[in-house]
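Structure at a glance
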Amino acid sequence: MSVYKNAVSLAVLAVAMTPVGALAEAIDDQSLIETVVVTAQKREQNPVDVPMAITAYSGKFMTDVGIQEFDKLSLFVPGFVVQNQSPNNPGFGLRGLTLDSGEAAQEPRVSVFEDDVSISTTRATYIELFDIERVEVVKGPQTTLFGRAALMGGVNVIQNKAKIGKYDYAASLETGDYNYHMLEGMVNLPVSDSVAVRLAARYKMRNGYIENLGDGDDYNSVDTLAGRLSVAWKPIENFTLDVIVNGEVDRPSGTSFKSGTFYPADVNGTIVGNLGHTSGAALTDHIAGFENGKSLGLSRKVWDVKGLTDYKIGPQLTLSTVTAYRRFDSLEVFDPDGFAQPMLQSAEDERGDQFSHEMRLNYDYGDRLTAFGGVSYFYSNVSQRVPLQFNENMALALISGQSALLQYQPASFFSSSTFTGGYAPALIKGIAKATVYSKYYNAMVGNYGAAAAAAYATSQATAYVTANNAILNAVAAGLKSNHWEEATNYGKTKSVDLYGDVTYRLTDQFELNAGARYTHDDKTTSFAAQTADTSYLGMFLKNAASGTGWGIIYQPTKNNGDKISRDFSDDGLSWRFSARYAPEDNTSFYATYARGRRPEVLSAKSPTAPNGDPTFTPAPAELVDSYEIGAKTFAMDGKLRLDAALYFYDYTNFQSSRLESGEFVSFNAGKAEAYGFESTMEWAVADRADLFATYTYNRARFVGASIYQGNKFRLNPDHKFSVGASIRQDLFGGTFNFLPTYTWQSKIYFDDDDDIASEQDNLIADTKLDEFQKPYGLLNLRLTWQPEGRPWSISAYASNVLDQKYIKDAGNSGDNLGIPTFIAGEPRFFGMSISLKMQ
């Protein structure tokens, strides 16, 4: 059945539920359509009055639809795509631009905030969404509103604060297949007339959904504990202070980086699975001595503390401050080659801390003039350590094209005399001969023809191997079963921002807006690399005649591990202009022009030879000029709500990243363009039925002289939509609420190279075009029963009801070795929940 027939067969989902404090206004007691008041422009507004594309959902909506994480939220937000490899490695995309690099010096394009505090460092961005007041997703360049990282928009998660004078509590329990359990609770306690405390927590666990065909836990599990303490203090009427402490610990099992080249096999080389991207995998669980023998999996801790103040100086002036400290530590051990042989094991150890302080003055002169201005300071210090351990004999077999040995021989074969004394010398000489042959043949074929070039190249290659026979034998004899090397990159940023924004209403129907932000950065990029020994394979592949300390991927810095740094500064200005025309209170049309800017980046990779300086590569500031027009309306007494936007983006100095000899580096990919259309519909069609739909068309491509000319942006579907319904019926002394949803997206690629071109620069070229996901859709069902007059409810749910097979990522580190890996998407899940809320 086509996705369109599936979509039409469903009633569409409702946008939110009943009121949440003063921030959500429902049409009536039964309707699920609501207005979520937003603060994207630093003041409370109805979304119809905001001259930009914005999607906002209340915490109640997210709870009722079953949204607990960013990737599920993105399914219902036009232009928003979130890829979740693991909590440590997500990708956030808005209108084609993606935030996902773990490089310490990298600058994000999509700003993710938690109560106006940036959490955009990718390894600490993916958090549990629980006890949430609302989430606002703003599209388009928003650096004037959200700061440095909002080149293509911002996501702001507003958490529930402690409420003074109010006692309430809530709890929920979920259980399901794959041994899924989730327990969540919240309590709000008034301490005095001016102080309140709120506690909230969630614990969630689920077994992995990709079967481990070897030893260890199944892959892609969930094991998360998150908690929050908030304290509110209001000593006088015009002053409030909120202090919020968040913490989260994630310990899931290993990510299923499954090879698309090698069949899953046991330790004896016996095939135990197939090449299907979503079926069982057999990976190397651990290697003795590597990261203290840790098994595949993630250990991540994220915590922060923030203080928010609001002081109403007078009738028109309010001073707000936001002060925050955040820290994260994340270690993930993974098998990048994607099969059972211990050819290569890797880990990523990323940690960092940040401090920020912002002061903002808001001015509100009635309906005619509103403005705000402020200053902010941001400090960030991040490091990313990536150790690698190679079995050089196995790596030699792969490089020389002997994949059958890796597939069918046990690991012990590669340390036997059969391999070390027979295969290894022959393979080394074969590579050397092929390299020399290729060199001479390519140089001569144009002038002398294929036959003469082949004859001469063959003679030269044979002579080379004969003359260097002893050296080549020594290389083969020096291969190790546990060669270790490591690189660490560092990024430190000190930034000061000055910003301001003014909205002036010329008439009751027409207003103009202008905003600007100036940013000054002082940055330091550092790099260090070391090896435990000399890799003869690495030296051979680099065609080095001599030297010590050679690595296969990383070459050591001075003194085998010195940290080498480079300082630089960056200044930039971004701005926006908009006009809004409101022919009536519930309808508005707007047009905006904005300049977004992503600061300059200095990327680092290892020296070209041992004990040298790193290679530092600057990528100039990325600029985007954005043009957007849109319309928003509430019709039929607010029962029908529509919005639509058309946009065009022109990028200069598009910053992308690619693998160069095994290392990810940032570089200038040149020019790019994007244009598209977004629309949302919410309709209360009857007293007991609400409809919801979103649609996105986003054509984002590299253009001009770009190295990726004509390619699509990574993780960017040209088409994306969601549909659903809320259908309610009174029965058995309560109300049943049936919520079906269907989401669909078109084809996506997982890298800007669209699986071609630059991959020929990898250590081993991958010429197979398979690193993409075809169009697919997901059907979810949820049925809830709420007894009349009771504070509890029960639900049954099923996600991915049709058990759609799809992948979340492809390529990865294995792509550098010519053996890309694939990460499966979530299968069908089902379960039940019971919830209690008293207020």
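Here's what I pulled together on the structure shown here. Treat the numbers as computed from the prediction; the structure is a model and nothing was measured.

**Quick word on the overall build of the protein chain**
What the protein chain contains, in helices and strands, is 11 helices and 41 strands. For 839 residues, the compact-globule formula gives about 28 Å, and the C-alpha radius of gyration of the protein chain, at 29 Å, lands near that figure. Across its three principal axes, the protein chain shows a C-alpha extent of roughly 90 × 60 × 55 Å. Considering the protein chain as a whole, with its 839 residues, one finds that 57% of them fall into the buried category. Summed over all atoms, the accessible surface of the protein chain reaches about 32,300 Å², with 56% contributed by carbon and sulfur. Side-chain charges in the protein chain split into 73 positive and 97 negative, and the spacing between the mean points of these groups amounts to 1 Å.

**So, the sheet that holds strand E3 (residues 54–58)**
Across a sheet, paired strands are connected by hydrogen bonds in the backbone, their directions being either parallel or antiparallel. The 5 strands are arranged E3-E9-E10-E7-E8 in an open sheet whose pairing can be described as mixed. Two strands lie at the open edges of the sheet, namely E3 and strand E8 (117–118), each paired on one side alone.

**Observations concerning the packing of helix H5 (residues 392–399) against helix H7 (residues 417–448)**
H7 packs onto H5 with a crossing angle of 45 degrees between their chain directions and a minimal axis gap of 10 Å. Classed by the angle they form, the pair H5 and H7 counts as oblique. Like other packed secondary-structure pairs, H5 and H7 cross with a definite hand, here left-handed. Two secondary-structure elements touch here, H5 through Asn-393, Leu-396, Ala-397 and Ile-399 and H7 through Phe-419, Thr-420, Ala-424, Leu-427, Ile-428 and Ile-431. Residues belonging to the contact of H5 with H7 are distributed by class as follows: 8 nonpolar, 2 polar and no charged.

**What to know about the environment of Val-117**
With respect to the helices and strands, the residue Val-117 is situated in strand E8. Along the sequence, Val-117 and Thr-323 sit 206 residues apart, while their C-alpha atoms lie 8.1 Å from each other.

**Here we look at the nonpolar core**
Counting residues in each nonpolar core, the largest one holds 43 residues, and the members touching the most others are Met-343, Leu-396, Leu-398, Leu-406 and Phe-414. Here the element with the most residues in this core is H7; it accounts for 6 residues. Not counting chain neighbours up to four residues away, the residues in contact with Leu-398 comprise Phe-262, Met-343, Ser-403, Leu-406, Ile-764, Leu-817 and Ile-819. Counting residues in each nonpolar core, the second largest holds 42 residues, with Ile-132, Tyr-647, Tyr-651 and Ala-674 among its members.

**Quick notes on the side chain of Ser-230**
Note that Ser-230 resides in strand E14 (residues 222–236). Classification of Ser-230 as buried rests on a relative accessible area of 2%. Leave out the neighbours within four places in its chain, and Ser-230 touches Asn-160, Lys-161, Ala-162, Ala-196, Val-197, Arg-198, Val-243 and Ile-244.

**Some details on the packing of aromatic side chains**
Under the definition given, this model contains 43 aromatic pairs. Ring centres of Tyr-647 and Tyr-649 lie 5.1 Å apart, and the angle between their planes is 25 degrees; on these two criteria the pair is classed as stacked. Overall, the relative accessible area of 4% leaves Tyr-647 in the buried class. Residue Tyr-649 is classed as buried on the basis of its relative accessible area, which comes to 0%. Here the aromatic cluster, defined as three or more aromatic residues joined through ring pairs, consists of Tyr-647, Tyr-649, Tyr-651, Phe-654, Phe-702, Tyr-708 and Phe-713.

**Observations regarding a nonpolar patch on the surface**
On the surface, a cluster of nonpolar side chains totalling about 650 Å² of accessible area is made up of Phe-355, Met-359, Val-375, Tyr-377, Val-496, Leu-498, Tyr-518 and Leu-573. Counting residues per element, the ones that place at least two in the nonpolar patch are strand E19 (344–365), strand E20 (369–390) and strand E21 (483–505). Residue classification places Val-496 among the partly exposed positions, given a relative accessible area of 37%.

**Comments concerning the sheet that holds strand E40 (residues 821–824)**
Taken together, 3 strands build an open sheet; the order of strands is E16-E40-E39 and the sheet is antiparallel. With one partner strand each, in any of the chains shown, strand E16 (258–259) and strand E39 (807–811) form the two edges of the open sheet. Sheet analysis places E39 next to E40, joined by 4 bridges and oriented antiparallel. Looking at the pairing, Gly-811 lines up with Thr-821 of E40.

**Considering helix H8 (residues 450–467)**
Across its 18 residues, H8 extends 26 Å between first and last C-alpha, which sits within 8% of the 26 Å expected from 1.5 Å per residue. Taken together, the buried positions of H8 are occupied by Ala-453, Ala-457, Ala-461 and Val-465. Projected onto a plane normal to the axis of H8, the buried residues spread over an arc of 90 degrees and lie on a single side. Turned more than 90 degrees away from the buried face of H8 sit Ala-451, Ala-455, Thr-466 and Ala-467, all of them exposed. Those residues of H8 that are buried lie in contact with H7 and helix H9 (469–477).

**Points about the pairing of strand E10 (residues 153–159)**
Taking burial as the measure, the 7 residues of E10 include 7 buried ones, the bulk of the element. Burial of E10 is two-sided: the residues Gly-153, Val-155, Val-157 and Gln-159 facing one way and the residues Gly-154, Asn-156 and Ile-158 facing the other way are all buried. Across 7 bridges, strand E9 (residues 132–139) lies against E10 in antiparallel orientation. When the bridges of E10 are listed, Ile-132 appears paired with Gln-159.

**Regarding H7**
The terminal C-alpha atoms of H7 lie 44 Å apart, and with 32 residues this matches the ideal 46 Å at 1.5 Å per residue to within 8%. Most pronounced at Tyr-423, the bend in H7 amounts to some 35 degrees, and the proline Pro-425 follows within four residues. Along H7, the positions that sit buried rather than exposed are Phe-419, Ala-424, Pro-425, Leu-427, Ile-428, Lys-429, Ile-431, Ala-432, Val-436 and Met-444. Residues of H7 that are buried make contact with H5, helix H6 (403–408), H8, H9 and helix H10 (536–541). Phi turns positive one or two residues past the end of H7, at Gly-449, with a value near 90 degrees.

**Some thoughts on the pairing of E19**
Pairing of strand E18 (residues 317–334) with E19 involves 18 bridges; the strand directions are antiparallel. Bridge pairing in E19 links Phe-328 to Gly-352. Hairpin remark: E19 followed by E20, antiparallel, with 3 residues in the connecting loop; positive phi at Gly-366, about 65 degrees.

**Observations concerning the packing of H7 against H8**
The relative placement of two packed helices is expressed as an angle between their axes plus a distance between the axes. At a closest axis distance of 7 Å, the pairing of H7 and H8 adopts a crossing angle of 150 degrees. Here H8 runs roughly antiparallel to H7, going by the angle between their axes. H8 is crossed by H7, and the crossing has right-handed handedness. Contacts between H7 and H8 involve Lys-429, Ala-432, Lys-433, Val-436, Tyr-437, Tyr-440, Tyr-441, Met-444, Val-445 and Tyr-448 from the former and Ala-450, Ala-452, Ala-453, Ala-454, Tyr-456, Ala-457, Thr-458, Gln-460, Ala-461, Thr-462, Tyr-464 and Val-465 from the latter.

**Some thoughts on the side chain of Ser-320**
Take Ser-320: it is sitting in strand E18. Judged by its relative accessible area of 7%, Ser-320 falls in the buried class. Reaching out from Ser-320, the side chain makes a polar contact with the side chain of Asp-310 at a distance of 2.4 Å. Aside from chain neighbours lying at most four places away, what touches Ser-320 is Thr-309, Asp-310, Glu-358, Met-359 and Arg-360.

**Quick word on the pattern of salt bridges**
What the rule picks out here adds up to 48 salt bridges. Of the charged contacts, one joins Arg-134 and Glu-133 as a salt bridge, the two residues approaching to 2.4 Å between their closest N and O atoms. For the residue pair Arg-134 and Glu-133, the accessibility class agrees, reading buried in each case. A salt bridge links Glu-184 to Arg-202, with the shortest nitrogen-to-oxygen separation between them at 2.9 Å. Of this pair, Glu-184 sits in strand E12 (residues 180–190) while Arg-202 is found in strand E13 (residues 195–206), placing the two residues 18 residues apart along the sequence. A single burial state applies to Glu-184 and to Arg-202, both of which are buried. Members of the salt-bridge network, linked through shared partners, are Glu-291, Arg-327, Asp-329, Asp-349, Arg-351, Asp-353, Arg-385 and Glu-486.

About the thresholds
Residues numbered from 1 in each chain as written. Predicted model: local features only at pLDDT ≥ 70, side-chain atom pairs only at ≥ 80, totals over all residues. Heavy atoms only, no water. Helix = DSSP H or I, 4+ residues; strand = E, 2+ residues; numbered from the N terminus. Rg over C-alpha atoms; globule rule 2.2 N^0.38 Å. Buried < 20%, exposed > 50% of the residue type's maximum accessible area, 1.4 Å probe, protein only. Areas by Shrake-Rupley, 256 points an atom, 1.4 Å probe, with all protein chains shown as cover. Lys, Arg positive; Asp, Glu negative; His and termini not counted. Charge placed at Lys NZ, Arg CZ, Asp CG, Glu CD. Pairing = 2+ DSSP bridges. Axes fitted to C-alpha atoms, helices over the stretch in contact; angles between N-to-C directions. Parallel < 35°, antiparallel > 145°, perpendicular 65-115°, else oblique. Left-handed = near helix turned anticlockwise from the far one by under 90°. Contact = heavy atoms within 4.5 Å. Nonpolar A, V, L, I, M, F, W, Y, C, P; charged D, E, K, R; others polar. Core = buried A, V, L, I, M, F, W, Y, C linked by side-chain atoms within 4.5 Å. Phe/Tyr/Trp six-rings, centres within 6.5 Å; stacked < 30°, edge-to-face > 60°. Patch = residues over 30% accessible without salt bridge, like charges linked within 9 Å, V, L, I, M, F, W, Y side chains within 5 Å. Salt bridge = Lys/Arg side-chain N within 4 Å of Asp/Glu carboxyl O. Expected span 1.5 Å × (residues − 1). Arc of directions from axis to C-beta. Bend = angle between axes of the 7 residues up to and from the residue. Polar contact = N/O pair within 3.5 Å; in protein donor to acceptor, adjacent residues only side chain to side chain.

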